[in-house]
Amino acid sequence: MGRRKALLPLSVALSAINGLLSLVPFVLVWLVVRTLLTTGGNLAATPVWNYALAAFAVSVFNVLLYFLALTLSHLAAFRVETNMRRRAMERLMRAPLGFFDTQSTGRMRKIIDEYSAQTHTFLAHILPDVAGSVVAPIGVIVLLLAVDWQLGLASMLPIVGAFAIMDYMTNPKNNDFQRLYLDAQEKMSAEAVEYVRGIPVVKVFQQTVFSFKRFYNSIINYRDLVIQYTLQWRSPMSGYIVAINAFAFVLVPVGILLMAHGSRPSVVADVVLYVLIAPVISGNIMKMMYLSQNLFM
């Protein structure tokens with residue numbers, strides 16, 4: 001990163017603050033709903049307007065804060081990407097000629113060009129989101145348990161189920177298969193570069209893709225791995241999607257039971273808050289899954 005190495009930690013810190021502030025508008029909306037339900041329609045001398053303005057102001061500030069965090073991370077990521085390509089080319093210029101006889105030019109080009117670009121996604125987008133993805137769920141869980149512990153425990157059921165499925169899908173034992181999948185993808189891409197460079201020869205001698213044995217075999221191998229990979233994760237991913245979107249199916253019946261027992265008049269507002277804020281965790285869980293995948297790659 002050179003002189004820009006301080007920008008990335010600052011970006012992560014701003015993203016963490018953004019993760020906490022993203023919960024404030026939900027709380028303010030909950031206060032508005034609770035006020036509307038508990039005042040019986042008489043809004044005189046109520047802070048509803050102040051809550052609405054505060055929610056709008058915090059939302060705008062949160063967007064600007066996130067924009068600043070991503071700007072700083074992009075400045076650092078572009079410097080990393082540029083320096084990696086520059087140093088890789090400097091190493092190639094000093095390599096002996098025999099090295100180029102044993103290495104595929106398509107593979108070298110892919111490493112220098114595309115793999116350097118992959119660091120951009122991780123540093124500029126994934127890494128800053130880590131802080132918000134960790135801080136926001138913790139804040140949500142604390143808020144859920146603080147407002148109403150009964151509704152909070154009910155909303156924990158889909159979260160626990162989603163985390164259990166995510167732990168199964170990100171288990172290190174499954175990395176062996178994923179490594180084979182990524183290696184097959186890399187080999188096919190490298191052979192594709194060689195095929196594109198040989199298209200003039202293909203046209204002159206009227207050949208087909210089947211004459212490129214390695215390229216054709218890499219495509220078939222990749223196809224088989226993709227089908228196997230898709231079938232393996234079809235059921236777990238379906239279960240995860242169901243679990244992470246099941247908050248309303250759990251919270252609404254629990255809220256009805258609480259209203260039937262007359263626990264307190266604001267239980268409707270609490271259910272609205274929980275239905276609104278609980279899905280925030282699902283987005284952060286997906287970010288954590290993308291982080292795990294990019295860390296492995």
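Rules behind the numbers
Residues numbered from 1 in each chain as written. Predicted model: local features only at pLDDT ≥ 70, side-chain atom pairs only at ≥ 80, totals over all residues. Heavy atoms only, no water. Helix = DSSP H or I, 4+ residues; strand = E, 2+ residues; numbered from the N terminus. Rg over C-alpha atoms; globule rule 2.2 N^0.38 Å. Buried < 20%, exposed > 50% of the residue type's maximum accessible area, 1.4 Å probe, protein only. Contact = heavy atoms within 4.5 Å. Areas by Shrake-Rupley, 256 points an atom, 1.4 Å probe, with all protein chains shown as cover. Core = buried A, V, L, I, M, F, W, Y, C linked by side-chain atoms within 4.5 Å. pLDDT = per-residue confidence, 0-100. Phe/Tyr/Trp six-rings, centres within 6.5 Å; stacked < 30°, edge-to-face > 60°. Patch = residues over 30% accessible without salt bridge, like charges linked within 9 Å, V, L, I, M, F, W, Y side chains within 5 Å. Salt bridge = Lys/Arg side-chain N within 4 Å of Asp/Glu carboxyl O. Expected span 1.5 Å × (residues − 1). Bend = angle between axes of the 7 residues up to and from the residue. Axes fitted to C-alpha atoms, helices over the stretch in contact; angles between N-to-C directions. Parallel < 35°, antiparallel > 145°, perpendicular 65-115°, else oblique. Left-handed = near helix turned anticlockwise from the far one by under 90°. Nonpolar A, V, L, I, M, F, W, Y, C, P; charged D, E, K, R; others polar.

J.: Help me out: how do you make sense of the overall build of the chain in this one?
T.: Regarding its fold elements, the chain presents 12 helices and 0 strands. From first element to last, N terminus to C terminus, the chain shows the α and β order α-α-α-α-α-α-α-α-α-α-α-α. Computed over the C-alpha atoms, the radius of gyration of the chain is 26 Å, more than 25% above the 19 Å expected from 2.2 N^0.38 for a compact globule of 297 residues. Taken along the three principal axes of its C-alpha coordinates, the chain extends 85 × 45 × 35 Å. For the chain, the proportion of its 297 residues judged to be buried stands at 36%. Looking at the chain alone, contacts between residues at least 24 apart form 84% of all its contacts between residues at least 6 apart. When the accessible area of the chain is evaluated, it comes to approximately 17,500 Å², of which 68% is carbon and sulfur surface.

J.: Help me out: how do you make sense of the nonpolar core in this one?
T.: In globular proteins that are soluble, nonpolar side chains generally tend to be buried together. Val 140, Tyr 240, Tyr 274, Ile 277 and Ile 285 are the most contacted members of the largest nonpolar core, which totals 34 residues. Of the residues forming this core, the biggest block, 7 residues, is contributed by helix H6 (residues 149–169). Among the nonpolar cores identified, the runner-up in size contains 9 residues, and Ala 76, Val 80, Phe 122 and Ile 126 belong to it.

J.: In this structure, what is going on with the side chain of Ser 11? I would like to understand it.
T.: Structurally, the position occupied by Ser 11 is in helix H1 (residues 7–21). With near-sequence residues (within four places) excluded, Ser 11 lies in contact with Ala 69, Leu 70, Leu 72, Ser 73 and Pro 128.

J.: Is there a simple way to explain the confidence of the model for the chain in this structure?
T.: Parts of the prediction with low pLDDT should not have their coordinates interpreted in detail. A residue-level look at the chain finds 92% of positions with pLDDT of 70 or above and a mean pLDDT of 81. The weakest mean pLDDT in the chain belongs to helix H8 (residues 199–205) at 68; the strongest belongs to helix H3 (residues 48–94) at 91.

J.: Please explain the packing of aromatic side chains as it appears in this structure.
T.: Think of a pair of aromatic rings as described by two things: how far the centres are apart, and how the planes are tilted against each other in angle. Applying the stated criterion across every chain, the model contains 2 aromatic pairs. Seen in terms of ring centroids, Phe 99 and Phe 100 are 5.6 Å apart; in terms of plane orientation they differ by 80°. Their pairing is edge-to-face. On the accessibility criterion, Phe 100 (32% relative accessible area) is partly exposed. Here Tyr 229 and Trp 233 contribute two aromatic rings whose centre-to-centre distance is 6.5 Å and whose plane-to-plane angle is 70°, an arrangement assigned as edge-to-face. Of this pair, Tyr 229 and Trp 233 both sit in helix H9 (residues 213–244), 4 residues apart, roughly one helical turn.

J.: Can you help me understand the environment of Arg 109 in this one?
T.: As for its placement among the helices and strands, Arg 109 is situated in helix H5 (residues 105–147). Taking the C-alpha atoms as reference points, Arg 109 and Leu 153, 44 residues apart in sequence, are found 53 Å from one another.

J.: When you look at a nonpolar patch on the surface in this model, what are you seeing that I'm missing?
T.: A cluster of nonpolar side chains, namely Val 29, Leu 37, Val 252, Ile 256, Met 259, Val 268, Val 272, Val 275 and Leu 276, defines an oily patch on the protein surface of about 640 Å² accessible area. Along the chain, the position of Met 259 falls in helix H10 (residues 247–260).

J.: Is there a simple way to explain the side chain of Ser 218 in this structure?
T.: Mapping Ser 218 onto the fold places it in helix H9. Among residues more than four places away in sequence, those in contact with Ser 218 are Lys 187, Met 188 and Glu 191.

J.: How should I be thinking about H5 in this particular structure?
T.: Every α-helix winds through 3.6 residues per turn, so residues three or four apart in the chain are directed the same way. Look at H5: 61 Å from first C-alpha to last across 43 residues, which is about the 63 Å you get at 1.5 Å a residue. Approximately 35° is the largest bend angle found in H5, and it occurs at Ile 126, with the proline Pro 128 only one to four residues beyond.

J.: How should I be thinking about the pattern of salt bridges in this particular structure?
T.: Here the structure, examined in full by the defined rule, presents 3 salt bridges. For Arg 85, the salt bridge identified is with Asp 113, shortest N-O distance 3.0 Å. Here Asp 113 lies in helix H5 and Arg 85 lies in helix H3, a separation of 28 residues in the sequence. Overall, the relative accessible area of 28% leaves Arg 85 in the partly exposed class. Classification of Asp 113 by relative accessible area gives partly exposed; the value is 37%.

J.: How should the packing of H6 against H10 be read in this particular structure?
T.: The description of two packed helices rests on the angle between their axes and on the distance between the axes. Where H6 contacts H10, the two axes come as close as 9 Å, and the packing angle between them is 160°. By the criterion of interaxial angle, the relationship of H6 to H10 is roughly antiparallel. Both H6 and H10 take part in a crossing whose hand is right-handed. Contacts from Gln 150, Leu 151, Ala 154, Ser 155, Leu 157, Pro 158 and Ile 159 of H6 reach H10 at Phe 247, Val 250, Leu 251, Val 254, Gly 255 and Leu 258. Of the residues assigned to the contact of H6 with H10, the class counts are 10 nonpolar, 3 polar and no charged.

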